[in-house]
Amino acid sequence: MPVLGIGTWQNEDPAQCTDSVATALEMGYRHVDTAQAYGNEAAVGEGIATADVDREDVFLATKVWIDQLAPEDVAASTRESLQKLAVDTVDLLYVHWPAGAYDPEETLSAFAELRDDGLIDRIGVSNFEPEHLDTAADVLGEAPFANQVEMHPLLQQEELREYADDGDVELVAYSPLARGAVFENPTVTEIAEDHGVSAAQVSLAWLREKGVTAIPKATSEAHIRDNFASLDVDLTDEDVAAIDGIEERDRRVDPDFGPDWE
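Remember, predicted model here, so these are calculated numbers, not experimental data. (Residues numbered from 1 in each chain as written. Predicted model: local features only at pLDDT ≥ 70, side-chain atom pairs only at ≥ 80, totals over all residues. Heavy atoms only, no water.)

K.L.:
What exactly am I supposed to notice about unusual backbone geometry here?
P.N.:
Across residues other than glycine, the phi torsion is negative in most instances, and most of the peptide bonds are trans. Positive phi, normally seen in glycine, also occurs at Ala86, with a value near 60°. Looking at the element boundaries, Ala86 is found in the loop between α3 (71–85) and β4 (92–95). Backbone geometry at Gln157 places phi at a positive 55°, although glycine is not the residue there. Along the chain, Gln157 turns up in the loop between β6 (146–150) and α6 (158–167). With relative accessibility at 10%, the residue Gln157 sits in the buried group. (Helix = DSSP H or I, 4+ residues; strand = E, 2+ residues; numbered from the N terminus. Buried < 20%, exposed > 50% of the residue type's maximum accessible area, 1.4 Å probe, protein only.)

K.L.:
Before we go on, may I ask you to explain the pattern of salt bridges in this structure?
P.N.:
One side chain can pair with another of opposite charge once the charged atoms of both are near each other. Counted under the stated rule, the structure contains 9 salt bridges. Salt-bridge contacts for Arg249 lead to Glu158; the nearest nitrogen and oxygen are separated by 2.5 Å. Taken as a pair, Arg249 in the segment after α10 (237–244) and Glu158 in helix α6 lie far apart in primary sequence, 91 residues in all. Classification of Arg249 as partly exposed rests on a relative accessible area of 39%. (Salt bridge = Lys/Arg side-chain N within 4 Å of Asp/Glu carboxyl O.)

K.L.:
Sorry if this is basic, but what is going on with the environment of Val172 here?
P.N.:
Its place among the elements puts Val172 in strand β7 (residues 170–174). When the C-alpha atoms of Val172 and Ala51 are compared, they prove to be 24 Å apart, with 121 residues separating the residues in sequence. Among all residues touching Val172, those that are not within four sequence positions of it are Met1, Tyr94, Ala146, Asn147, Gln148, Val149, Val212, Thr213 and Ile215. (Contact = heavy atoms within 4.5 Å.)

Written as structure tokens, this is what we have:
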């Protein structure tokens, strides 16, 4: 999986969404993340089609919302997603949350059928805690390919990172800039000043050092470019240790249907 993707949450204006996705791909991004709940799959698909990049070079992920997780709804809604995206298959399909109509046995078996039918390439989950991952692995007979969770220097997800390392699960970070809070963190900003880069780049570089794929959302070319430049940022061991030492644990995404977080 590419180590940096373009997120599209809240990118709801169709023309803007199409343009930002195409801009990101032509800049060098190769991972695009969307979801049924974002309401922008058609615009994302248009952006992929518009970009001067081959579809086979794009890692495309979408997510099934919590009210579509019954087996028949998984199948129907995924086919609708593919139609909106104007693609034959997606590289990764996530269970968006372990909530709503989610039933591990029934939901994940439906995902496995989609994979067997060639409509998806990999099965992922999102916002899963270790106990959810254990159950999913039991049902699938293997670990999910990826777990997408909120992660950034202010919410470091140590337990899930350890689980991912031990269980060969890709960890994908949404809200990797803590919805802007990293810009106010003195540790992050000081390291950014030392390197002559942005706080966003430092946060994304730290995630990369942890083996995590980040999918920052961005709409303007300037922000898309700034995030992409994080690939050229080399943090020192001391930088990484300093960020590791941030004690704040600031969860920005916590809906009432979410897990009982630790």
